[in-house]
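One-letter residues, chain by chain:
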Amino acid sequence: MAYDPGAIDATLAAAVGDEPALIAELRQAFSESAERALTAMTLATDHEEWRAAAWRLKGLAASFGAVRLMALAMEVAEGNPRDPEALRKLRRAVLRL
């Protein structure tokens, strides 16, 4: 399971303080970036593209303090491109954040 309860909110609050509008905007940016990485993984035609997209997701997760998502992205980076189970796990992990 790649669920980090409150990880993103805590990271954002530490970075920007008590600014709900800014936190919401940054959360939206996270969601959009994660979706782009997942789309790239879905469209990957080889292991190099798959790995690069997974690493982008890993970096994004690290930037937002989502440690478990980061670990999951790193784990699936070495798997088979377009692995439907890996993509389901990643998508579920992103939605839970």
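Reference entry: report on the structure contained in this document. (Residues numbered from 1 in each chain as written. Predicted model: local features only at pLDDT ≥ 70, side-chain atom pairs only at ≥ 80, totals over all residues. Heavy atoms only, no water.)

It is worth spelling out the overall build of the chain at this point. Secondary structure assignment for the chain yields five helices and zero strands. When the elements of the chain are put in sequence order from the N terminus, they spell out α-α-α-α-α. Whereas a compact globule of 97 residues would reach a radius of gyration of roughly 13 Å, the chain reaches 13 Å, a difference of no more than 12%. With respect to the principal axes defined by its C-alpha atoms, the chain has extents near 45 × 20 × 15 Å. Taking contacts inside the chain between residues at least 6 apart in sequence as the whole, the part at least 24 apart equals 62%. Of the roughly 5,600 Å² of accessible surface on the chain, a fraction of 56% belongs to carbon and sulfur atoms. A gap of 6 Å separates the mean positions of the 12 positive and 14 negative side-chain charges of the chain. (Helix = DSSP H or I, 4+ residues; strand = E, 2+ residues; numbered from the N terminus. Rg over C-alpha atoms; globule rule 2.2 N^0.38 Å. Contact = heavy atoms within 4.5 Å. Areas by Shrake-Rupley, 256 points an atom, 1.4 Å probe, with all protein chains shown as cover. Lys, Arg positive; Asp, Glu negative; His and termini not counted. Charge placed at Lys NZ, Arg CZ, Asp CG, Glu CD.)

The biggest cluster of nonpolar side chains holds 28 residues, and the ones touching the most others in it are Phe30, Met41, Leu57, Leu69 and Leu90. Elements with a minimum of two residues in this core: helix 1 (7-16), helix 2 (20-43), helix 3 (47-63), helix 4 (67-77) and helix 5 (84-96). Residue contacts for Leu90: discarding those within four places in its chain leaves Leu38, Met41, Leu57, Leu69, Leu72, Ala73 and Val76. (Core = buried A, V, L, I, M, F, W, Y, C linked by side-chain atoms within 4.5 Å. Buried < 20%, exposed > 50% of the residue type's maximum accessible area, 1.4 Å probe, protein only.)

Turning to the environment of Leu26, a few remarks are in order. As for its placement among the helices and strands, Leu26 is situated in helix 2. Between the C-alpha atom of Leu26 and that of Leu90, which follows or precedes it by 64 residues, the distance is 20 Å. Excluding residues within four positions of it along the chain, Leu26 makes contact with Leu12, Val16 and Phe64.

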